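Take a look at the letters that make up each chain.
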Amino acid sequence: MAFANQANTTRNGIDWAGIGWLYLFFWYFSGLNHVLLQFTGTTIFFGFRQALFMSLLWLVPVLLFPHKTKAITAVIGLVLWFFSLFSLGYFCIYGQEFSQSVIFIIFESNQAESSEYVAQYFVWWMIPALLVYSAVAIYLWRRVRPVFLPRGLAWAASLLILVFLFGYPIYRQAVVKEAPFERVREQIEDRMEPAVPWQMVIGYLHYREQLGNMQDLLLANAKVPPIANLIDANAGQPATLVLVIGESTNRQHMSLYGHPRQTTPKLDAMRDQLLVFNNVFSPRPYTIETLQQVLTFADQENPDWYLTRPSIMNMMKQAGYQTYWITNQQTMTKRNTMLTTFSQQTDKQFYLNNSRAQNSRQYDDDVLEPFQQILSDPAPRKFIVVHLLGTHMKYEYRYPPEYERFTNRDGVPPALTDEQAAIYNTYDNAVLFNDHVVSSLIEDLAATKSKSMLVYLSDHGEDVFDSAGHKMLGRNEGAPTVPMYAIPFIVWSSDAWRATHPMDFGRTVLDRRYSTSDFIYTWADLVGMRFDDFDSSKSLIGKDFKELPLFDER
Ligand SMILES: [Zn+2]
């Protein structure tokens, strides 16, 4: 009797080791993936923690029905094993976390493309890795044993797990924060998503939801009337026009704009080929809200016009350009669906970022290959949007190790603490890598020797302890500072382009104070387009340009 009970509840207490084996078995299927993601420094800690928590859920059935432990663990284990193969396989191939954006890409690309991918990335060691992974799962299953708790305790423990995983978070959101049902649901889903099998289940639900939103927005855009009397000075002539949208880059951190550290050596070197506008600001400090204005006729007075008026993408298509969109930003997250909708207004898209969390490692130089691919496309008239991840948080995830050049306090404002200085350094390193990416895009375009032009601007800036007091990190519209809005705005053009589009703007033009909420007029002006509603006072290079009022007047 004593022997039979050895592994179970004994007189003096609970079989903690038994619970440990059960938990380890359930955690293994989500946890290994998150250990690998953490070990390779791929993403933030949230997913790892949630996988730890969510694995507790499976203890509930085995604690309530200990006699069926072997059967329950076998069934749950099989399901978890099966779903974990997707996330692990994805990690093996791409070194990244599986997310709803991956599902989007899978459904976006056709079957042949998908199987090509798998064939291209399949490596022999994946088979033994799969076998070892599965063998460890079987080993853990064999160690699993029933844990017989007194009935009351088993129920109490199960209830505690459910309250911890769902009850308390729901209470905190719905009651304490008085969040609407939608928000509560979102919170719970976000907490479950990092664990198998939820990353597939919830990922798919999120994908369907965002796809629906996107289709509504695209349908609305399809009903937008064309631009009236659009006249293109280059009609029928070959040209390659590129719009590079940066991310969270404050021009005050670029040596091109006078930053004491040499953070933009490559752009500095090509300065005489660039128009560097010194006084351009974003209308809002947030990506989506800004780009709704930058890319369309919407502005601060009419922020909803992006729904009812044409976009730059619509304009370029109407003028007969073949249009492309390369993005290194996330696609099917709730916030970014708007961006994906904009991208879908072009003819061809390249989605490069499938991370679940925005704060994941992702380098912008991956836009260069699709950019080359488009440049060699035989279409004579091309319009290309390149949307970078730029210098978005976390800064240290934005550049490869060889760009870690700023590591000490030289050039750091003395008021910063060591901790702040370390972040300041990672931001400057990210700006340095951004310099490499933007200058490479210009070099690649220049190498085509075609009639071409490129505009680079950032969506908004970023305060990296720059403003007075040196306390602010990031952006906050409630407490605005200049660094959150001060953006780089540069124009490069080829000799062939300048032969028909003189670009000799003087100092007074380069110093104009301007908000990118009116960018569509500047773009139209730069590329030689006119239409009924064209307003040259809203063009940065316009003849009767009207300067943006100072910040406090807005
Ligand atoms: Zn942004």
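Residues numbered from 1 in each chain as written. Predicted model: local features only at pLDDT ≥ 70, side-chain atom pairs only at ≥ 80, totals over all residues. Heavy atoms only, no water.

1. Concerning the environment of Arg381
Step number 1: Along the polypeptide, Arg381 turns up in strand β7 (residues 381–387).
Step number 2: Relative accessible area serves as the criterion here: at 7%, Arg381 is assigned to the buried category.
Step number 3: Within the structure, Arg381 has its side chain in polar contact with the backbone oxygen of Gln237 (distance 2.8 Å). (Helix = DSSP H or I, 4+ residues; strand = E, 2+ residues; numbered from the N terminus. Buried < 20%, exposed > 50% of the residue type's maximum accessible area, 1.4 Å probe, protein only. Polar contact = N/O pair within 3.5 Å; in protein donor to acceptor, adjacent residues only side chain to side chain.)

2. Description of the sheet that holds strand β5 (residues 322–330)
Step number 1: With mixed pairing, seven strands are arranged side by side in an open sheet as β3-β11-β8-β2-β7-β5-β6. What marks the edges here is a single partner per strand, and that holds for β3 (274–277) and β6 (348–353). Going across the sheet, the axis of each strand differs from the next one's by a mean of 10°, ignoring polarity.
Step number 2: Bridge count for strand β2 (residues 239–246) against β7 is seven bridges, and the pairing is parallel. In the strand pairing of β7, Leu241 is matched with Phe383.
Step number 3: Strands in contact with helix α20 (residues 519–526) are β2, β7, β8 (452–458) and β11 (489–493); relative to β8, the strand with the most contacts, it is inclined by about 165°. (Pairing = 2+ DSSP bridges. Axes fitted to C-alpha atoms, helices over the stretch in contact; angles between N-to-C directions. Contact = heavy atoms within 4.5 Å.)

3. Remarks on the nonpolar core
The nonpolar side chains of a soluble globular protein tend to be buried, and buried together.
Step number 1: Within the largest apolar cluster, 51 residues are counted, with the highest numbers of intra-cluster contacts made by Phe277, Phe383, Met453, Val455 and Trp523.
Step number 2: Beyond its immediate chain neighbours, meaning those up to four positions away, Met453 contacts Thr240, Leu241, Val242, Leu445, Val491, Trp492, Ser493, Trp497, Met503, Trp523, Leu526 and Val527. (Core = buried A, V, L, I, M, F, W, Y, C linked by side-chain atoms within 4.5 Å.)

4. Focus on the confidence of the model for the protein
Step number 1: Summing up the model confidence of the protein, the mean pLDDT is 90 and the portion of residues at 70 or higher is 93%.
Step number 2: Low pLDDT, under 50, characterises residues 1–9; the stretch is placed with nine contacts to residues that sit more than four places away or in other chains. (pLDDT = per-residue confidence, 0-100.)

5. Description of helix α2 (residues 46–54)
Step number 1: Buried residues of α2: Gly47, Phe48, Gln50, Ala51 and Met54, and no others. In an axial view of α2, the angular spread of the buried residues amounts to 170°, which keeps them on one side of the axis.
Step number 2: Tucked into the core, α2 has its buried residues touching α1 (16–39), α8 (151–176) and α9 (181–192). (Arc of directions from axis to C-beta.)

6. Examining the coordination of the zinc ion
Step number 1: Surrounding the zinc ion are the protein donor atoms Glu247 (OE), Glu247 (OE), Thr287 (OG1), Asp459 (OD) and His460 (NE2), at 1.9 to 2.8 Å.
Step number 2: Counting along the primary sequence, the residues that act as donors to the zinc ion give the motif E-x39-T-x171-D-H. Within this pair, whereas Thr287 is found in helix α12 (residues 287–294), its partner His460 is found in the loop between β8 and β9 (463–464), the two being separated by 173 residues in sequence. Note on accessibility: Thr287 and His460 belong to one class, buried. (Donors = N, O, S within 2.8 Å, 3.2 Å for Na, K, Ca; no water.)

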